[in-house]
Amino acid sequence: MNANAPVPAGKTPAPPPERLRILRAFNLSLGTVVLLVAIFALQSYFDWRPWAVAPLDIAGLLGLLGAPLLHGSVEHVAANSVALLILGTLAGSVYPKATLRALPLLWIGSGIGAWLLGDPGSLHLGASGVTHGLMFLLASLGLLRRDRAAIATGLIGMLFYGGMLMTVLPHTPGVSWQSHMGGAFAGIIAALLFRHSDPMAVRPRYSWEDEEESIEALPDDELEPPSPRQVPVLWQPREGKDYVVLPFRRPGQDDARQD
């Protein structure tokens, strides 16, 4: 089908697949952000503490499911919402299948990190573990796949949220670095498991590559120069007519003979 062909009246051209993937990933990320904001607005109307991660407490395992949906302040939910919108759109547009399969692992992994490493008696909540998992997923897939789209996506993720490499360690009191570390490890594991879920982009082929393959396909005897007997002779000398022998004398040789 010719891309420049006129579109029939009453019909709009379909957007390219790349644009559809970006729009789908953006809409899903935006829907997740709206859900987080709605739950935060309702947190004052119910007891949210049973849904937070309580480290080393069996009852606190319920927070593995509910903690990423809860937040402690407006700044907390705003920061995680922006990160989810950016990183979710990047991951979902370039790796739609891998991201969909990795999200449950990132969700549970962030909670496991908080449950195992957190201080007993504390409560951990927030989606920052999931955002760390998305960033480490993008960076790891860029290193593993190493195609143009993967490298570019990983670099963009690092440009926006490269500081997450440091927030997986203790740095600020009251910030759950344990959930950050759990999400980061989950992102790396997900990249190893699902790196082949999405097909790699078609690499452009250049003309010199075809020439190299055509040369390699030739047999060895065609690459060797012909022997002198096989080279046609274009000039045949004739005895005594086509060339003259000239004597060569050094300067001063005639003068020496005259003496």
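Refer to the structure presented above.
In this text, all values refer to a predicted model and were calculated from it rather than measured experimentally.

Draft legend 1. View of the side chain of histidine 124. As for its position among the elements, histidine 124 is in the loop between helix 4 (96–117) and helix 5 (128–145). For histidine 124, a relative accessible area of 8% translates into the label buried. Within the structure, histidine 124 has its side chain in polar contact with the side chain of serine 122 (distance 3.2 Å). Within polar-contact distance, the side chain of histidine 124 engages the side chain of serine 176 at 2.7 Å. Residues within four places of histidine 124 in sequence aside, it is in contact with Ala52, Val53, Pro55, Ala67, Ala114, Gly118, Asp119, Ser176 and Gln178.

Draft legend 2. Local environment of the packing of helix 1 (residues 17–42) against helix 3 (residues 74–94). Viewed as axis vectors pointing N to C, helix 1 and helix 3 meet at an angle of 160°, and their least axial separation amounts to 8 Å. If you check the angle between helix 1 and helix 3, you find them roughly antiparallel. As for how helix 1 packs across helix 3, the hand of that crossing is right-handed. Judged by residue contacts, Arg21, Ile22, Ala25, Phe26, Ser29, Leu30, Thr32, Val33, Leu36, Val37 and Phe40 of helix 1 engage Val74, Val77, Ser81, Leu84, Leu85, Gly88, Thr89, Gly92 and Ser93 from helix 3. Each residue belonging to the contact of helix 1 with helix 3 can be placed in one class, and the counts come to 12 nonpolar, seven polar and one charged.

Conventions adopted
- Residues numbered from 1 in each chain as written.
- Predicted model: local features only at pLDDT ≥ 70, side-chain atom pairs only at ≥ 80, totals over all residues.
- Heavy atoms only, no water.
- Helix = DSSP H or I, 4+ residues; strand = E, 2+ residues; numbered from the N terminus.
- Buried < 20%, exposed > 50% of the residue type's maximum accessible area, 1.4 Å probe, protein only.
- Polar contact = N/O pair within 3.5 Å; in protein donor to acceptor, adjacent residues only side chain to side chain.
- Contact = heavy atoms within 4.5 Å.
- Axes fitted to C-alpha atoms, helices over the stretch in contact; angles between N-to-C directions.
- Parallel < 35°, antiparallel > 145°, perpendicular 65-115°, else oblique.
- Left-handed = near helix turned anticlockwise from the far one by under 90°.
- Nonpolar A, V, L, I, M, F, W, Y, C, P; charged D, E, K, R; others polar.

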